[in-house]
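Residue-level structural notes
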Amino acid sequence: MTQPRAKIIGTGMYVPDLVVTNDDLAKRMDTTDEWIRQRTGIEERRYIEPGQQPSDLASAATKQALEAAQLGPEDIDCIVLTTLSSQADFPGTSFFLQDQLGLSDTPCFDVRAQCSGFLFGLAVANGFIRSGMYRRVLVVGCEVHSTGIDISDAGRDVAVIFGDGAGAVLLEATEDENDDSGLLEIRLHAQGKFAKKLWIEAPGSGFTPARMSHQLIDERRHFPYMEGRFVFKHAVKRMPEVLLETLNAASLKLEDVDLFLFHQANLRINEFVMEQMGIPTERCSNNIQRYGNCSSASIPILLDEAARTGRLAPGQIVSMTSFGSGFSWASAVLRW
Ligand code: UT7
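Residues numbered from 1 in each chain as written. Predicted model: local features only at pLDDT ≥ 70, side-chain atom pairs only at ≥ 80, totals over all residues. Heavy atoms only, no water.

A short note on the site of the ligand
Lining the immediate environment of the ligand, one finds 21 residues, of which Thr31, Arg39, Arg229, Asn266 and Asn293 sit closest. Interatomic distance of 3.3 Å between a side-chain N/O atom of Trp35 and a nitrogen atom of the ligand. Contact distances for the ligand include 3.1 Å between an oxygen atom and a side-chain N or O atom of His263. With the chains in place, 74% of the 950 Å² that the ligand exposes on its own is no longer accessible. Of all elements in the fold, only helix 2 (33-40), helix 6 (156-159) and helix 8 (228-249) reach the threshold of two or more residues within the shell around the ligand. If you tally residues by element for the shell around the ligand, the top one is helix 8, at 4 residues. In terms of residue class, the shell around the ligand is built from 9 nonpolar, 7 polar and 5 charged. (Near = heavy atom within 4 Å. Polar contact = N/O pair within 3.5 Å; in protein donor to acceptor, adjacent residues only side chain to side chain. Areas by Shrake-Rupley, 256 points an atom, 1.4 Å probe, with all protein chains shown as cover. Helix = DSSP H or I, 4+ residues; strand = E, 2+ residues; numbered from the N terminus. Nonpolar A, V, L, I, M, F, W, Y, C, P; charged D, E, K, R; others polar.)

Below is the structure:
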């Protein structure tokens, strides 16, 4: 019997309406539009407004993916949600999403692999489908950074890069031997040795007697901390490595790829990687200029935009590559 393969049958995305420009941030901290554009390529990002929840973003992205696939929530066999900015400490955002979709007992859980989360989630979904456990799996990357960053002079290096958003893909099993579309290969890597180079320390269950305290807040340990240059250096090394490893596993060459999607952490990182690998700009899509770094939502948002704008034609090869906190890095290649 042929082993099922996972195929993307619908994509969706959602970003909140509130646009926050670099000039808006410059009113709240010592920064400039020029500095942010030059160092990161970012022009604006989106933030949620009072009353909006992460699961609202995830639900809107999911509804688009379901519409594209002409299916309803009840057709989903399992929900994998990836996030580093969970709606509650527990349960995961996926549970709030499941309820919002009107589902009563569809299994759901969160995957935590930070900016590489979407590709880790995709690998989990791919495993479910290939093993025959589920036929339709929803993978949603969903991040709300705006409520967790330090929008002040002290946090300016990290705060300016992040934005809120969600992206979703619906995967379906196929055994059709005449259809060679679908996920071809995925490769995942991690290096916990560098966990503290980019992290949020608190709340943390190792703090005694309580995981959160006024002291931790006063010491600003609930805000993200990043050694930006160190992270940058590793990103430009690891992304090419894992991209080539994945293409190699699929017996493909760089020239075979029609569209490269890289995690949107910093446009300069992606430009550096593309130049190093000889990838022409027209074969790569970036949207960090408009949305900032949406961590695990960045890649599915890019994929949805490519699908909706007609950038992708059936049979084309798409490569997706990420690097982020953990460190974690990953790449996937698919035939559209
Ligand atoms: O998504 C997960 C993975 N994340 C990444 O891959 C991010 C990787 N890192 C980066 O993208 C960059 O390191 C940043 C964009 C975050 C920072 O850029 P940088 O060129 O590494 O800046 P820096 O932190 O080394 O700071 C350079 C200068 C410093 O001033 P001095 O010491 O040279 O006088 C900073 O104080 O720029 C200053 N600076 C700022 N100035 C204006 C830092 N942040 C800002 C700011 N506005 N927002």
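A word on the sheet that holds strand 14 (residues 328-335)
Across the sheet, 5 strands lie side by side as 8-14-13-11-12; this open sheet has mixed pairing. A single partner strand is all that each edge strand has here, and the edge strands are strand 8 (182-190) and strand 12 (284-285). Two elements, strand 11 (residues 259-262) and strand 13 (residues 317-324), share 4 bridges in a ladder whose sense is parallel. Looking at the pairing, Leu261 lines up with Met320 of strand 13. (Pairing = 2+ DSSP bridges.)

Section: the domain arrangement of the protein
The domains assigned to the protein are domain 1 (5-174) and domain 2 (182-335). Each of domain 1 and domain 2 has a C-alpha centre, and the two are 14 Å apart. In this assembly, 57 residues from domain 1 lie in contact with 48 residues from domain 2. Counting every contact that joins domain 1 to domain 2 gives 2 salt bridges. A salt bridge links Asp89 to Arg211; the nearest nitrogen and oxygen atoms lie 3.7 Å apart. At the junction of domain 1 and domain 2, the tally comes to 22 residue pairs in polar contact (both at pLDDT 80 or more). Those elements that provide at least two residues to the side of domain 1 that touches domain 2 are strand 1 (5-14), helix 2, strand 3 (44-47), helix 3 (54-69), helix 5 (117-131), strand 6 (136-143), helix 6 and strand 7 (165-174). Per-element accounting of the side of domain 1 that touches domain 2 gives the leading share, 8 residues, to helix 5. (Domains from an automatic or database assignment. Contact = heavy atoms within 4.5 Å. Salt bridge = Lys/Arg side-chain N within 4 Å of Asp/Glu carboxyl O.)

Regarding the pattern of salt bridges
Throughout the structure, instances matching the rule amount to 20 salt bridges. Of the charged contacts, one joins Asp24 and Lys27 as a salt bridge, the two residues approaching to 3.7 Å between their closest N and O atoms. The exposure class of Asp24 is partly exposed, given its relative accessible area of 28%. Judged by relative accessible area, which is 66%, Lys27 ranks as exposed. The partner of Glu241 in a salt bridge is Lys237, with the nearest N and O atoms 3.2 Å apart. Pair noted here: Glu241 and Lys237 are both in helix 8, with a separation of 4 residues, about one helical turn. (Buried < 20%, exposed > 50% of the residue type's maximum accessible area, 1.4 Å probe, protein only.)

Notes on the sheet that holds strand 5 (residues 108-111)
Strand order in this open sheet of 5 strands is 1-7-6-4-5, and the pairing throughout is mixed. Each edge of the sheet is formed by a strand with only one pairing partner; in this case those strands are strand 1 and strand 5. In this sheet, neighbouring strand axes are inclined to one another by 20° on average, regardless of whether the strands run parallel or antiparallel. Here 5 bridges tie strand 4 (residues 78-82) to strand 6, and the two strands are oriented parallel to one another. If you follow Cys78 over to strand 6, its bridge partner there is Val137. (Axes fitted to C-alpha atoms, helices over the stretch in contact; angles between N-to-C directions.)

With respect to the packing of helix 8 against helix 9 (residues 267-277)
For the pair helix 8 and helix 9, interaxial distance at closest approach is 10 Å and the crossing angle is 45°. Accordingly, the angle class assigned to the pair helix 8 and helix 9 is oblique. By crossing handedness, the relation of helix 8 to helix 9 is classed as right-handed. Contacts from Phe232, Ala235, Val236, Met239, Pro240, Leu243 and Leu244 in helix 8 reach Arg268, Ile269, Asn270, Phe272, Val273, Gln276 and Met277 in helix 9. Considered class by class, the residues forming the contact of helix 8 with helix 9 number 11 nonpolar, 2 polar and 1 charged. (Parallel < 35°, antiparallel > 145°, perpendicular 65-115°, else oblique. Left-handed = near helix turned anticlockwise from the far one by under 90°.)

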